[in-house]
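Architecture at a glance
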Amino acid sequence: MSMNSFGHLFRVTTWGESHGPALGATVDGCPPGVAIDEGMIQHWLDKRKPGQNKFTTQRREADEVKIMSGVFEGQTTGTPVQLMIENTDQRSKDYGDIMDKFRPGHADITYWQKYGIRDYRGGGRSSARETAARVAAGGLAREAIKQIAPNVQIIGYMSQIGPHKIDRENFDWSQIEQNPFWTPDAQAAEDWAAYLDDLRKSGNSVGAVVEVVARGVPAGIGAPVYAKLDTDLAAAMMSINAVKGVEIGEGMAAAELTGDANADEIFMGQNGPQYSSNHAGGILGGISTGQDVVVRFAVKPTSSILTTRKTITKSGEETEIITKGRHDPCVGIRAVPVGEAMMACVILDHLLLHRGQIGENRGQIG
Ligand SMILES: Cc1cc2nc3c(=O)[nH]c(=O)nc-3n(C[C@H](O)[C@H](O)[C@H](O)COP(=O)(O)O)c2cc1C
């Protein structure tokens, strides 16, 4: 079964395992003439790279991307773009203990039950190393978007860590690049640093909420029933490792609102329709409104923690397991660039679908 691809026209297939020689993405359907080089993709991979600060895993990976095909003289040719990242930190002996034991919270047990064979080294295919390939594909998608909808900006940030939420009053876009949590609330970044430091020292971990916003998306992309823009975004975000919940706009909180509070009122602005608010998260009936497209996802706490946990072996014996060495107190931090990449791939995919079926929007207002 081929379940390693996503996207309709901008079709991304990822391949590789945590401790294989390399992993990557094969991107089919990228338009020709997109200016791209390895440095442009590397920029985004560096953001996801492990070991950048004490709040992320110390696995040392260069995460250097190589473009193997589909690019000639600095431009895409319209043929498949093969992006490859070599695994340079394959310390298999670190993982000897999990050959027979199933790590709680990991996919070891389900992969074994399903396939009857698994690459246990670092989680194999279920490892979030795979997300490096998505980030590489997302880097290419961003460059292609520039050609079709140059005003689009895709920005991800952390809005919550454990029980601690950002204060929306402190929201400042310019802060996002200034702290290790990619958060727009400078005060939250300070508080979270102390909180996470304590957790890290105690060997524990915590979950997080990541918000990804696409600004400048033109009205009209998406589809009304299947392949709604929100359907595809939800699937894309939910496919990221450790994601357990996805919301669009108001999300679950919409259930608490009344109709008059929730439905964004429409006004006529100088350049077209404007909305009083954005509870819809920039999507109505599966189609973009022209407002910010807002997606939020919950990342569960890191399962590999420095605490002894009960589990079983392949032969069904009860035992215990403990993660030695590397430990990431909050994988939500490294999920930020992954969420951005998925947003970029989905937005590009829908821009291409829209261009194919409609071209310029047909319905005029005013
Ligand atoms: C960027 C990123 C890095 C991750 N790193 C780790 C890690 O170091 N340790 C860990 O236990 N889980 C980590 N995870 C989560 C696991 O990959 C994931 O929980 C596991 O594969 C089981 O899949 P599921 O949680 O989606 O069901 C990471 C997730 C992401 C998005």
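Residues numbered from 1 in each chain as written. Predicted model: local features only at pLDDT ≥ 70, side-chain atom pairs only at ≥ 80, totals over all residues. Heavy atoms only, no water.

What to know about the environment of Leu 9
As for its position among the elements, Leu 9 is in the loop between strand S1 (5-6) and strand S2 (11-16). Given a relative accessible area of 39%, Leu 9 falls into the partly exposed group. With 21 residues separating them in the primary sequence, Leu 9 and Cys 30 have C-alpha atoms 7.9 Å apart. Apart from the residues within four sequence positions on either side, Leu 9 is in contact with Asp 28, Gly 29, Asp 349, Leu 352 and Leu 353. (Helix = DSSP H or I, 4+ residues; strand = E, 2+ residues; numbered from the N terminus. Buried < 20%, exposed > 50% of the residue type's maximum accessible area, 1.4 Å probe, protein only. Contact = heavy atoms within 4.5 Å.)

Looking at the UniProt feature "binding site: NADP(+)" (unreviewed entry) in the protein chain
With numbering aligned to this structure, UniProt lists the feature "binding site: NADP(+)" (unreviewed entry) at Arg 48 and Lys 54. Overall, Arg 48 belongs to the buried group, its relative accessible area being 2%. (UniProt positions renumbered as here; feature names shortened; annotations may be inferred.)

Remarks on the nonpolar core
In terms of nonpolar packing, the biggest core is built from 78 residues, with Phe 10, Met 158, Leu 233 and Met 343 touching the most fellow members. Excluding anything up to four places from it in sequence, Phe 10 contacts Val 27, Asp 28, Gly 29, Cys 30, Ala 137, Leu 140, Ala 141, Cys 345, Leu 348, Asp 349 and Leu 352. (Core = buried A, V, L, I, M, F, W, Y, C linked by side-chain atoms within 4.5 Å.)

Concerning empty space enclosed by the protein
To find leftover empty space, one rolls a probe the size of a water molecule over the atoms. Scanning all chains against the criterion turns up 2 cavities of 30 Å³ or more. Roughly 40 Å³ of volume is contained in the largest cavity. Forming the boundary of the largest cavity are Ala 107, Asp 108, Tyr 111, Arg 118, Asp 119, Tyr 120, Gly 123 and Ser 126. When its residues are assigned to classes, the lining of the largest cavity shows 3 nonpolar, 2 polar and 3 charged. The volume enclosed by the second largest cavity comes to roughly 30 Å³. Lining the second largest cavity, in full, are Trp 44, Val 135, Gly 138, Gly 139, Arg 142, Pro 337, Glu 340 and Ala 341. (1 Å grid on protein atoms, 1.4 Å probe; cavity = no way out; pocket = protein on both sides within 12 Å on 5 of 7 lines; lining within 4 Å. Points joined across faces, edges and corners; volume = space filled by probe spheres on them. Nonpolar A, V, L, I, M, F, W, Y, C, P; charged D, E, K, R; others polar.)

Some thoughts on helix H3 (residues 130-148)
Here H3 spans 28 Å end to end across 19 residues, near enough to the 27 Å set by a 1.5 Å rise per residue. By the criterion of burial, H3 is predominantly enclosed, with 16 of the 19 residues buried. (Expected span 1.5 Å × (residues − 1).)

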